[in-house]
Amino acid sequence: MNITERFLNYTKFDTQSAEESQTVPSTPKQLVFAKYLKEELEREGLQEVEMDDKGYIYATLAANMKDSVPTIGFISHYDTSPDCSGADIKPRIVAQYDGGDITLSEGIVLSPKKFPELLGHVGEDLIVTDGHTLLGADDKAGIAEIVQAMVWLKEHPEVKHGKIRVAFNPDEEIGMGAHHFDVEKFGCQWAYTMDGGDVGELEYENFNAASAKINIKGVSVHPGYAKGKMVNANALAAEFAALLPADETPETTEGYEGFYHLIGMQTSTEQGRLSYIIRDHDRQKFESRKRFIKACADKMNEKYGEGTVVADVNDQYYNMKEKIEPDNMHVIDLVLRAMQEVGVAPKVRPIRGGTDGAQLSFKGLPCPNIFAGGINFHGPFEFVPIQSMEKAMQVVIKICELTAGYND
């Protein structure tokens, strides 16, 4: 089985996670794929293959050399985003892309006019959707690349490597992927998530992240007799949203700029709930953003009465740069060298988001993020060049080979 066949097979499984769920994994359908993946790893001859009751999968490719070298790991998540359906995906290969528009379905066009990233892959073979679902390259491309690399190494014993660990987990898309990851069981000195975007991307800086749930208590009274009595939670929700700066949202920021993002709103006259995510690369600015959210709630309570608006703010993950620099830069240097040796130009940049690697780095496992090749994640215009997946697989192989010669 080649990497394309492996990835296309993975897309048959709907593994969408769910933000409001209280179970682990957040959706039972993720376990269906997890069980399949565990069995596939066993069929491919990996050792110490196990899956816990929460769907976390761990496996080993045994060392084929006697020298003692660091045990390293590769990690990907198998859930897909709640933002777009992952059911009944119909992938299609556009062979030798010519640089023009790609019609996904009637009236749905993937165009370089809107997505200029396409032009970087002219002449390559693109896997696209039918315009009605996401593709799932985030992060099943990463899984396919890791598994294919382990199979290749197993079939090429002339390439020496130490013990390699792989792991696959649920619920990354809802910020919970690393919460139940057993770092001690994984047993690696460092690891890499294969969860980045376009070819060459390498990321060891990410957002500090928090969620904010704003609960609003209204008073419902018949509108004909409401004067001085009604407190309309619908109106208060809109008023709260207007307190946040309009130029600090995802659609108005880039690079290292942080934001407030309203991801959900459920309101009625009697009660309301707004869900935000808060993001900033700078830790001090991040803390300031959280305080500002709470100050907005305080301002509303001064106007409408104590307890009318309650802001519940919770940290999700932090910038892994704190754990990579300066003591673990060898982890980055190995990737840069691996990319160069397989003909990939590195693009070191901050993640405007987060990966499981951020949380794992704070659990004591340095874990930067490497490209998986997919583009336009979380929507129907997602695509992945086959050549990018192949390059990612080659980077994994080369990292394993270079680590065999690593001297601490």
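What counts and how
Residues numbered from 1 in each chain as written. Predicted model: local features only at pLDDT ≥ 70, side-chain atom pairs only at ≥ 80, totals over all residues. Heavy atoms only, no water. Pairing = 2+ DSSP bridges. Helix = DSSP H or I, 4+ residues; strand = E, 2+ residues; numbered from the N terminus. Axes fitted to C-alpha atoms, helices over the stretch in contact; angles between N-to-C directions. Contact = heavy atoms within 4.5 Å. Buried < 20%, exposed > 50% of the residue type's maximum accessible area, 1.4 Å probe, protein only. Polar contact = N/O pair within 3.5 Å; in protein donor to acceptor, adjacent residues only side chain to side chain. Core = buried A, V, L, I, M, F, W, Y, C linked by side-chain atoms within 4.5 Å.

Caption draft 1: Up close: the sheet that holds strand β17 (residues 383-385). Pairing is antiparallel across the open sheet formed by three strands, whose spatial order is β4-β7-β17. The sheet is open, and its two borders are formed by β4 (92-94) and β17, each paired with just one other strand. Going across the sheet, the axis of each strand differs from the next one's by a mean of 25°, ignoring polarity. Of the pairings in the sheet, the one linking β4 to strand β7 (residues 126-128) comprises three bridges and is antiparallel in character. Following the sheet pairing, Arg-92 is matched in β7 by Val-128. Along the sheet face, helix α1 (residues 3-10) touches β4, β7 and β17 and points at about 10° away from the line of β7. Across the sheet, helix α10 (residues 386-403) lies against β4, β7 and β17, angled at about 65° from β17, the strand it touches most.

Caption draft 2: View of α1. The buried fraction of α1 is high, at six of eight residues. Every buried residue of α1 is listed here: Ile-3, Thr-4, Arg-6, Phe-7, Asn-9 and Tyr-10. Buried positions along α1 lie against α2 (29-43), β4, β7, α3 (137-155), β17 and α10. The N-cap residue of α1 is Asn-2: its side-chain oxygen and the backbone nitrogen of Thr-4 are 3.1 Å apart.

Caption draft 3: Spatial organisation of the pairing of strand β9 (residues 190-196). Of all seven residues making up β9, seven are buried, and the element is well covered by its neighbours. Bridge count between strand β3 (residues 72-77) and β9: four bridges; the pairing is parallel. Across the sheet, residue Ile-72 finds its bridge partner in β9, namely Trp-190.

Caption draft 4: Geometry of the environment of Glu-184. Along the chain, Glu-184 turns up in helix α4 (residues 183-186). A relative accessible area of 74% means that Glu-184 is categorised as exposed. Between the alpha carbons of Glu-184 and Asp-333 there is a distance of 24 Å; along the sequence they are 149 residues apart.

Caption draft 5: Summary view of the nonpolar core. Counting residues in each nonpolar core, the largest one holds 70 residues, and the members touching the most others are Phe-7, Phe-74, Met-150, Phe-168, Tyr-192, Ile-370 and Ile-399. In contact with Ile-370, other than residues within four places in its own chain, are Tyr-192, Thr-193, Met-194, Asp-195, Gly-196, Glu-201, Leu-202, Val-335, Met-339, Val-395 and Ile-399. In this structure, Ala-212, Ala-237, Leu-274 and Phe-286 belong to the second largest nonpolar core, which totals 22 residues.

Caption draft 6: Structural view of unusual backbone geometry. Here Val-24 and Pro-25 are connected by a cis peptide whose omega angle stands at -5°. Residue position: Pro-25 is located in the loop between α1 and α2. Phi at Asp-88 takes a positive value of approximately 55°, unusual for a residue other than glycine. Along the chain, Asp-88 falls in the loop between β3 and β4. Judged by its relative accessible area of 56%, Asp-88 falls in the exposed class. A positive phi angle is found at Asn-376, which is not glycine, with a value near 65°. Its place among the elements puts Asn-376 in the loop between β16 (369-371) and β17. We classify Asn-376 as buried; its relative accessible area is 19%.

What is shown is where atoms sit, not what they do.
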